[in-house]
Amino acid sequence: MTANDGLTVAILGPGGIGGLLAALLSRSGHRVICLAGDETAKTLSAKGIHVRSGLFGDFTAPVEADTELREPVDACLIAVKATALDMSLTRVPPAVLGDGLVVPFLNGVEHPGLLRARYRADRVAPAAIRAESTRVAPGEIEHGTPFAEIDLTGDPVPDDRLTALAQVLDAAGPTTRVHADEAATLWSKMSLLAPFALLTTRYALPIGDVRTQHREELLALVDESTAVSAACGGPSDPSMAIARYDAFPATTKSSMQRDAEAGRPLELDAIGGALLRAADHHEVPVPVATRLVSELRAAGH
Ligand SMILES: NC(=O)c1ccc[n+]([C@@H]2O[C@H](COP(=O)([O-])OP(=O)(O)OC[C@H]3O[C@@H](n4cnc5c(N)ncnc54)[C@H](OP(=O)(O)O)[C@@H]3O)[C@@H](O)[C@H]2O)c1
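Starting from 1, residues in each chain are numbered consecutively following that chain's sequence as written. Whole-chain, interface and lining totals are the exception, using all residues; otherwise, since this is a predicted model, local features are given only for residues with pLDDT of at least 70 and side-chain atom pairs are given and counted only at 80 or more.

Going by an unreviewed UniProt entry, the chain carries the name 2-dehydropantoate 2-reductase and comes from Streptomyces chartreusis. UniProt positions are given in the numbering used here, feature names are shortened, and annotations may be inferred rather than shown by experiment. Turning to the chain, the UniProt record has this under Sequence similarities (unreviewed entry): "Belongs to the ketopantoate reductase family." The record held by UniProt for the chain lists under Pathway (unreviewed entry) the comment "Cofactor biosynthesis; (R)-pantothenate biosynthesis; (R)-pantoate from 3-methyl-2-oxobutanoate: step 2/2."

Right, dumping it as structure tokens:
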């Protein structure tokens with residue numbers, strides 16, 4: 001597999017992230033099969049995916065779509081929300097997938113274990129993506145950030161498979177790098193995301209107000225999440241996360257906060273719940289995270 005080969009790529013969950021990657025890969029000459037519910041699959045088969053992006057341009061790309069994977073593919077990218085992961089995997093039977101890579105783009109740290117229990121462990125290659133992309137309607141994607149960066153990893157996955165897929169993704173648009181240390185890669189994203197998601201959602205405030213009105217709590221929570229990250233093999237310097245939050249535009253909202261505003265289910269268990277479980281496992285005290293997660297759960301999330 002090289003960037004010049006035409007691949008066949010399945011995309012489970014053609015939403016903000018999955019739809020963007022599906023359209024970019026199709027535009028780059030690869031065969032793309034989106035896996036979705038009946039209505040979304042019909043819309044995508046008929047109209048393709050339309051992307052509006054300052055970085056990648058405005059374009060429409062044709063894709064195939066089905067409700068279930070029916071043939072082997074080179075890779076299956078998984079881009080459903082954590083709340084839909086279990087139920088959506090019935091669309092990707094392990095026996096049909098064969099030797100294909102399974103590449104989840106979900107935020108969080110626990111989904112690779114779930115996927116490795118269902119598919120070949122040495123074919124599950126988690127990816128962390130930095131971008132903001134929204135599915136405004138089926139097949140209509142708005143990519144808002146002036147960047148899109150993917151960190152591809154997978155400790156048991158053969159290097160040549162990771163490198164070849166990274167070349168394909170990179171050639172299609174998003175800057176893509178392979179990282180050797182899976183835990184460090186996933187916790188790098190998680191330790192930055194968890195305090196941002198929990199505090200912006202709990203207080204229904206953008207990052208600018210959180211970092212001024214709730215600064216003590218932000219600092220304490222970042223200390224906690226960094227301590228858990230360090231125990232799990234991830235980044236261990238809280239000042240890096242604080243510097244990143246201070247550099248965010250003041251109006252920035254987390255995707256968890258946007259889900260709460262829209263009345264959608266939150267990825268609270270995949271982010272906050274997973275943080276607490278890792279803290280418990282490594283006996284790291286996390287009182288602020290514990291309180292925030294329980295307050296969000298008490299609020300019905
Ligand atoms: N969006 C971002 O900017 C961003 C950035 C970084 C990381 N992430 C992470 O990426 C993951 C995906 O987020 P997202 O924002 O792209 O989500 P999203 O826009 O809500 O897209 C999820 C997609 O999954 C589909 N889906 C739901 N249930 C399904 C099922 N049972 N079978 C097949 N498809 C199903 C939805 O279908 P319909 O279209 O038919 O509703 C939708 O297209 C999350 O873990 C998120 O945290 C997102």
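Some thoughts on the overall build of the chain
A count of helices and strands for the chain gives 13 helices and 12 strands. The reference for a compact globule is 2.2 Å times residues^0.38; the radius of gyration itself is calculated from the C-alpha atoms. Here the C-alpha atoms of the chain give a radius of gyration of 19 Å, agreeing with the 19 Å that 2.2 N^0.38 yields for 301 residues. In terms of overall dimensions, the chain has C-alpha extents of about 50 × 35 × 30 Å along its principal axes. Counting other C-beta atoms within 10 Å of each residue's C-beta, where C-beta atoms are placed from the backbone, gives the exposure class: buried for 20 or more, exposed for 12 or fewer, partly exposed between. Every one of the 301 residues in the chain was classed for burial, and the buried ones make up 48%. Strands are runs of DSSP state E lasting at least 2 residues, helices are runs of H or I lasting at least 4, and numbering of each runs from the N terminus.

Re the site of the ligand
Each residue receives a C-beta atom placed from its backbone. It is near a molecule or strand if this atom lies within 6 Å of it. Near the ligand, the surroundings consist of 30 residues, among which Gly 13, Gly 15, Gly 16, Thr 40 and Ser 88 are the closest. Counting only elements with at least two residues in the shell around the ligand, the list comes to helix 1 (16-27), helix 3 (85-88) and strand 9 (133-137). Here the element with the most residues in the shell around the ligand is helix 1; it accounts for 3 residues. Taken together, the residues of the shell around the ligand break down into 15 nonpolar, 10 polar and 5 charged. Each residue gets one label: Ala, Val, Leu, Ile, Met, Phe, Trp, Tyr, Cys and Pro are nonpolar, Asp, Glu, Lys and Arg are charged, and the others, such as Gly, are polar.

Some words on helix 6 (residues 159-172)
How far a helix is expected to stretch is found by multiplying one less than its residue total by 1.5 Å. Its 14 residues give helix 6 an end-to-end C-alpha distance of 20 Å, which sits within 8% of 20 Å, the value for a rise of 1.5 Å per residue. For helix 6, the complete set of buried residues consists of Leu 162, Leu 165, Ala 166, Val 168, Leu 169 and Ala 172. Projected down its long axis, helix 6 carries its buried residues within an arc of 160°, all on one side. Residues of helix 6 that are exposed and angled more than 90 degrees away from the buried face: Asp 159 and Asp 160. The inward-facing, buried residues of helix 6 contact helix 1, strand 6 (75-78), strand 7 (101-104), strand 11 (149-152) and strand 12 (175-178). To obtain the arc, one takes the directions from the helix axis to the C-beta atoms. Contact between two residues is assigned when their C-beta atoms, built from the backbone, lie within 7 Å.

A few points about the packing of helix 7 (residues 182-203) against helix 9 (residues 215-231)
With their axes 9 Å apart at the nearest point, helix 7 and helix 9 run at an angle of 150° to one another. As far as their axial angle goes, helix 9 and helix 7 are roughly antiparallel. As helix 7 runs across helix 9, the sense of the crossing is right-handed. Mapping the contact onto sequence places Trp 187, Met 190, Ser 191, Ala 194, Pro 195, Leu 198 and Leu 199 in helix 7 and Glu 217, Leu 218, Leu 221, Val 222, Ser 225, Thr 226 and Ser 229 in helix 9. Each residue belonging to the contact of helix 7 with helix 9 can be placed in one class, and the counts come to 9 nonpolar, 4 polar and 1 charged. Axis geometry follows a simple rule: fit a line to the C-alpha atoms, using only the stretch in contact for helices, then measure angles between N-to-C directions, giving values from 0 to 180 degrees. Any angle that is under 35 degrees is reported as roughly parallel, and any over 145 degrees as roughly antiparallel; angles of 65 to 115 degrees are reported as roughly perpendicular and all others as oblique. By the definition used in this description, the sense in which the near helix is turned from the far one sets the handedness, with an anticlockwise turn below a right angle giving left-handed and a clockwise turn giving right-handed.

Some details on the UniProt feature "domain: Ketopantoate reductase N-terminal" (unreviewed entry) in the chain
Under the UniProt annotation, "domain: Ketopantoate reductase N-terminal" (unreviewed entry) lies at residues 9-145. Here residues 9-145 runs as 28% helix and 31% strand, with 24 Å between its end C-alpha atoms.

Thoughts on the pairing of strand 10 (residues 140-143)
Alternating positions in strand 10 separate cleanly, Ile 141 and His 143 being buried on one face and Glu 140 and Glu 142 remaining unburied on the opposite face. When DSSP locates at least two bridges between a pair of strands, those strands are taken to pair. Where strand 3 (residues 49-53) and strand 10 come together, 4 bridges link them in parallel fashion. Looking across to strand 10, one finds that His 50 is bridged to Glu 140. Relative to strand 10, strand 9 is paired through 4 bridges, and the arrangement is antiparallel. Counted as the bridge partner of Arg 135 is Ile 141 from strand 10. What sits between the antiparallel neighbours strand 9 and strand 10 is a turn of 2 residues, in which Gly 139 has the positive phi angle 80°.

Regarding the sheet that holds strand 3
Spatially, 4 strands are ordered 4-3-10-9 in an open sheet, and the strand pairing comes out mixed. Both edges of this open sheet fall to strand 4 (57-61) and strand 9, since each of them pairs with a single strand only. For this sheet the average axis-to-axis angle between neighbouring strands, irrespective of direction, equals 20°. Packed onto the sheet, helix 1 meets strand 3, strand 4, strand 9 and strand 10 and runs at close to 95° relative to strand 9.

Some remarks on helix 9
For helix 9, with 17 residues, the first-to-last C-alpha span of 24 Å sits near the 24 Å given by 1.5 Å per residue. Every buried residue of helix 9 is listed here: Leu 218, Leu 221, Val 222, Glu 224, Ser 225, Thr 226, Val 228 and Ser 229. Packed against the buried residues of helix 9 are helix 7, helix 8 (207-213), helix 10 (238-247), helix 12 (268-282) and helix 13 (287-298). With its phi angle positive at about 95°, Gly 233 sits one or two positions after the end of helix 9.

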